[in-house]
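One letter stands for each residue in the lines below.
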Amino acid sequence: MDKEIANTLGELERKLRELERVLSGISDGDGRPGGEERHAASAVSAALAEPPGASRVIDEAVDRAPLATAAAGEPYAGWERDARVHPGAGTGAEAGPAGYVGWSAGGRRATDVTPAADAVTHAADAVAEDRGAVVQEPARRPARRPPPVADQTPSAAELLRFRDHLERTARELTHDYDELLGRITYAAVPTPTGPTISFARGAPSLDIVDVQGLRDAADRAFESDPAGTTAYGTSIGYPRLRAWIADRHGVEPERVLVTNGSMQADAFLFEHLVRPGDDVVVERPSYDRTLLSLRERGANLHAVELEPDGIDTQALSRLLASGQARPKLAHIIPNFQNPAGYTLSLAKRQGLLALAAQYGFLVFEDDPYVALRFSGESMPTMLSMDPERVVYASSFSKTVCPGIRVGYLVGPPDLIEAIARLATNTYISPNMVAQSIVYEFCASGAIERSIETVRTALAKRALTLAEALRRELPEAEFVAPEGGYFMWVTFPPGTDVARLHDVAAELGVAFVKGTDFLLEGGENTLRLAFSGVTTEQIDEGVTRLATAYRSL
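Everything in this summary refers to the structure shown in the same document.

Criteria and thresholds
- Residues numbered from 1 in each chain as written.
- Predicted model: local features only at pLDDT ≥ 70, side-chain atom pairs only at ≥ 80, totals over all residues.
- Heavy atoms only, no water.
- Phe/Tyr/Trp six-rings, centres within 6.5 Å; stacked < 30°, edge-to-face > 60°.
- Helix = DSSP H or I, 4+ residues; strand = E, 2+ residues; numbered from the N terminus.
- Buried < 20%, exposed > 50% of the residue type's maximum accessible area, 1.4 Å probe, protein only.
- Axes fitted to C-alpha atoms, helices over the stretch in contact; angles between N-to-C directions.
- Parallel < 35°, antiparallel > 145°, perpendicular 65-115°, else oblique.
- Left-handed = near helix turned anticlockwise from the far one by under 90°.
- Contact = heavy atoms within 4.5 Å.
- Nonpolar A, V, L, I, M, F, W, Y, C, P; charged D, E, K, R; others polar.

## What about the packing of aromatic side chains?
Step number 1: Considering all chains together, one arrives at ten aromatic pairs under this definition.
Step number 2: Centre to centre, the rings of Trp 244 and Phe 396 are 6.3 Å apart; their planes meet at 45 degrees, and the pair counts as tilted. Of this pair, Trp 244 sits in helix α8 (residues 239-249) while Phe 396 sits in the loop between β10 (390-395) and β11 (407-410), and the two are 152 residues apart along the sequence. Neither residue differs from the other here; Trp 244 and Phe 396 are each classed as buried.
Step number 3: Ring geometry for Phe 270 and Phe 364: centres 5.8 Å apart, planes at 90 degrees, overall edge-to-face. Linking Phe 270 in helix α9 (residues 262-273) with Phe 364 in strand β9 (residues 362-366), this pair joins segments that are 94 residues apart in sequence.
Step number 4: Phe 270 gets classed as buried once you look at its relative accessible area, which sits at 1%.
Step number 5: Classification of Phe 364 as buried rests on a relative accessible area of 0%.

In structure tokens form, the structure reads like this:
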């Protein structure tokens, strides 16, 4: 992201927070604006009587509020105007704009305005200028001469209307900011063809994250359980969320451990179970971070081919029967697998559990995408089929938002107890604030609405990607997923995807090479993530990818 844009967004976000603080502090003890604040309220209310777009509302509020609150008195050192906004500023009081009392050299004015009233105008001014810098709106028009201060005494209805319009303006600005941020999250660097379109990151775009629902959940978390939300807690996680997850899976809470993201759940399980030289079965391809974590622990990895209906259980059976592997663990991503997008069939789930029972290994069911099915028929979890042979992991990163960093493990009580001791020695407790917010989000039913929003968007994006690939790259082979974030693409043998990666980057499109998800081979494969890009970006991105492929 361009540094200047990032700085502007950061400043805009700060100003929005400042405006929110003004709103929360604008009332006195009896719930009505105090006498001094009413001068500012009256002026801004007049500007907001006919609520236009957010930028115009703020512009008019900035133009009117300081004029209406100006009065003879000592110079107010905290307010500055430059000649670009107010012609005549800096040339002395006689050159100031009509209606300003005591306009002094350097653009300062004399005033008797209170800090709360000034905060309204100052925050509005700063937000308007920052927003103008981001979206390049026209410069503000010169200030108009206000009516006399004596005529500005507001009625109760005007005061309420002022607060309502100002709150609405804050919401509009926040929405505009969120939308802008969402548009640039995929723009890594400018290229000759425009901003980079990234199929590399498996994360939802901001437009399908329930930001308001999370705000509301955070408010409820601090209101309903401030002690539990802010305390250290224990290594098992926030108790209310732990119970909610247990109920969701039909197990006892003693079988659940809530962690800082599912990757930490994976790490705890691997640290507890896997020793150097231990055999571990993985899918081919599999999630690159899992392969790295297991390799760092010295595991002896056995990669078994992944088919469109899941891991090749017949090949696994042959491997086990040969005695070449005596695995302690088999890591399986059963639904909309990362990176392939494939789903393990019911018959293969049953076959895998039968092999686990026969050869005495645990199945690690790594299932963060299970809720994101947008077509086809749902499958039972292997945890529900054999709770003593399966350790299950999932995450709220894909259904709530990535930044929440809340995941969990479900497994036999003795295993969970042992991992809880490991977690205690690692961090005492995970993030109680995040887990409390997630609990409120889930308990309120917002999680179901969020999942539906995400599924609807993903379905459209997956369809658009499949259609674009068929149209622009008929040489590419893929299986359209029934859910999740990813699509695995295979090019004809001999295609150098590493070279394609570099050429595509020059044309402004990013993806992850298939070799990143494999212990060996896969030089003609790649992964496309469609979760963080709009349908328009998908079409343009595939067009650029096709251009890069034709140039090889």
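## Concerning the packing of helix α17 (residues 497-506) against helix α18 (residues 535-551)
Step number 1: Packing of α17 against α18 brings their axes to within 9 Å, and their N-to-C directions diverge by 125 degrees. On the basis of the axis angle, α17 is oblique to α18. The two elements α17 and α18 cross, and the hand of that crossing is right-handed. Facing α17, whose interface residues are Leu 500, Val 503 and Ala 504, α18 presents Leu 545, Ala 548, Tyr 549 and Ser 551.
Step number 2: By residue class, the composition of the contact of α17 with α18 is six nonpolar, one polar and no charged.

## Describing unusual backbone geometry
Step number 1: Each neighbour pair has its own omega, and for Arg 284 with Pro 285 the value is 10 degrees, a cis peptide bond.
Step number 2: Among the structural elements, Pro 285 can be located in the loop between β5 (279-284) and α10 (288-296).
Step number 3: Along the chain, Asn 338 connects to Pro 339 via a cis peptide bond; the corresponding omega equals 25 degrees.
Step number 4: Considering the arrangement of structural elements, one finds Pro 339 in the loop between β8 (329-332) and α12 (346-359).
Step number 5: Phi is positive for Arg 405, close to 50 degrees, though the residue is something other than glycine.
Step number 6: Along the chain, Arg 405 falls in the loop between β10 and β11.
Step number 7: Accessibility expressed as a relative area gives 37% for Arg 405, which makes it partly exposed.

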